[in-house]
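Chains, contacts and geometry: an overview
Letter by letter, the chains look like this.
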Amino acid sequence: MSAPKVHVLVDGYSVLEGDGKSMRANCTCSVVEGPPHIIVDTMTAWDAEKVLQGLSSLGLQPEDISYAVATHGHCDHVGNLNLFQAATHVVGTCVSRRDVFTLHDFDSEPYKLSEFVDVIATPGHTSEDVSVRVRSRHQGLVIIAGDLFEREEDIRDPSLWRSAGSQDPDRQMANRRRVLAEADLVVPGHGPMFAVTAEHRRLESER
Ligand SMILES: [Zn+2]
């Protein structure tokens, strides 16, 4: 088995609408090219075409995907799980395949997807949030972190992740630090992949 590569299929976004009462948002959708091939965060139910196009640009079909992960259960992260009928589904800390649910205690150990990839609990945004940790071929350690990070800019401006909703801001902060300490690259929930810098680590540790 050779070490994997992380591809971002679609960059996510989030913007508050003019009326201040609604938000336009979609998640960043990524694929870990293996084998095993893994898709992380499948956007909204209206985005099947985008997901399929992104996969085909990598020469992949839905049936090639062994794991379909949603970093948490919000609508913009789970919309196209049903495309992946050959996959084990991981939605937050809930692991299932068809009607069989695997009980896994994420607090005691990561859930391993391969020699190079595991899923770790990173609660905060919701109490069920997980991140996918990938020891990649040429990109170093990549952590696909979902809404633990809204986008790179939220390290300088924490109001960006706090205003996106956080069930437990203290735990979210602790997990943000943990991920920044470890990762070379982070894929956030609603923005492009970014390289972690010493400045990011310094800013986050000062909070
Ligand atoms: Zn989100």
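This is a predicted model, so every value here is computed, not measured. (Residues numbered from 1 in each chain as written. Predicted model: local features only at pLDDT ≥ 70, side-chain atom pairs only at ≥ 80, totals over all residues. Heavy atoms only, no water.)

Moving on, we get to the coordination of the zinc ion. Bound to the zinc ion on the protein side are His77 (NE2), Asp147 (OD) and His190 (NE2), at distances that span 2.0 to 2.2 Å. Sequence spacing of the donors to the zinc ion: H-x69-D-x42-H. Residue histidine 77 is located in helix 2 (residues 75–78), and its partner aspartate 147 is located in the loop between strand 13 (141–146) and helix 3 (159–163); the two are separated by 70 residues in the primary sequence. Judged by its relative accessible area of 4%, aspartate 147 is buried. (Donors = N, O, S within 2.8 Å, 3.2 Å for Na, K, Ca; no water. Helix = DSSP H or I, 4+ residues; strand = E, 2+ residues; numbered from the N terminus. Buried < 20%, exposed > 50% of the residue type's maximum accessible area, 1.4 Å probe, protein only.)

What follows covers the sheet that holds strand 12 (residues 130–135). Judged by pairing direction, the sheet is mixed, and its six strands sit side by side in the order 10-11-12-13-14-15 without closing on themselves. One side of each edge strand has no neighbouring strand; the edge strands of this open sheet are strand 10 (111–112) and strand 15 (194–195). Judged from the five bridges that link them, strand 11 (residues 117–121) and strand 12 form a sheet pairing that is antiparallel. When the sheet's bridge partners are listed, isoleucine 120 is paired in strand 12 with serine 131. (Pairing = 2+ DSSP bridges.)

What follows concerns helix 5 (residues 198–205). Every buried residue belonging to helix 5 is among His200, Leu203 and Glu204, and all of these are buried. Within helix 5, the buried residues cover an arc of 95° as seen down the axis, which keeps them to one side. Looking at the buried positions of helix 5, the neighbouring elements they touch are helix 4 (169–182) and strand 15. (Arc of directions from axis to C-beta. Contact = heavy atoms within 4.5 Å.)

Attention now moves to the pairing of strand 6 (residues 65–70). Counting buried positions over the six residues of strand 6 gives five, a clear majority of the element. Direction of pairing for strand 5 (residues 37–40) relative to strand 6: parallel, over a ladder of four bridges. Pairing of histidine 37 across the sheet is with isoleucine 65, part of strand 6. For the segment spanning strand 5, helix 1 (residues 48–57) and strand 6, crossover handedness is right-handed. Bridge analysis of strand 6 against strand 7 (residues 88–91) gives four bridges, and the strand direction is parallel. In the strand pairing of strand 7, tyrosine 67 is matched with threonine 88. (Right-handed = clockwise from strand over helix to strand, strands pointing away.)

Helix 5 packs onto helix 4 with a crossing angle of 155° between their chain directions and a minimal axis gap of 10 Å. Taken together, the axes of helix 4 and helix 5 are roughly antiparallel relative to one another. Considering the relative orientation of helix 4 and helix 5, their crossing is left-handed. Taking contact as the criterion, the partners of Met173, Arg176, Arg177, Leu180 and Ala181 in helix 4 are, on helix 5, His200, Arg201, Glu204 and Ser205. Each residue belonging to the contact of helix 4 with helix 5 can be placed in one class, and the counts come to three nonpolar, two polar and four charged. (Axes fitted to C-alpha atoms, helices over the stretch in contact; angles between N-to-C directions. Parallel < 35°, antiparallel > 145°, perpendicular 65-115°, else oblique. Left-handed = near helix turned anticlockwise from the far one by under 90°. Nonpolar A, V, L, I, M, F, W, Y, C, P; charged D, E, K, R; others polar.)

Let us now look at the pairing of strand 4 (residues 29–33). Most of strand 4 sits inside the fold, with four of its five residues counted as buried. Across five bridges, strand 1 (residues 5–10) lies against strand 4 in antiparallel orientation. By the bridge assignment for strand 4, histidine 7 is matched with valine 31. Of the strand pairs in this sheet, strand 4 and strand 5 are connected by three bridges, and their pairing is antiparallel. Looking at the pairing, serine 30 lines up with valine 40 of strand 5. Here strand 4 folds back onto strand 5 in antiparallel fashion, the turn holding three residues.

Here we have seven strands laid out as an open sheet, ordered 1-4-5-6-7-8-9, and mixed in their pairing. Only two strands of the sheet have a single neighbouring strand rather than two, namely strand 1 and strand 9 (100–102). Between one strand and the next, the sheet's axes are offset by a mean angle of 20°, whatever the strand orientation. Sheet contacts for helix 1: strand 1, strand 4, strand 5 and strand 6; angle to strand 1, the most-contacted strand, approximately 145°.

Quick look at the pattern of salt bridges now. Per the stated rule, a full pass over the model turns up 10 salt bridges. Among the salt bridges present, the one from arginine 24 reaches glutamate 17, with a minimum N-O distance of 3.2 Å. By relative accessible area, arginine 24 is classed as partly exposed at 48%. Arginine 133 is the partner of aspartate 118 in a salt bridge, and the nearest nitrogen-oxygen pair spans 2.8 Å. Placement of aspartate 118 in strand 11 and of arginine 133 in strand 12 is noted, with a sequence separation of 15 residues between them. Each member of the pair, aspartate 118 as well as arginine 133, is classed as buried. (Salt bridge = Lys/Arg side-chain N within 4 Å of Asp/Glu carboxyl O.)

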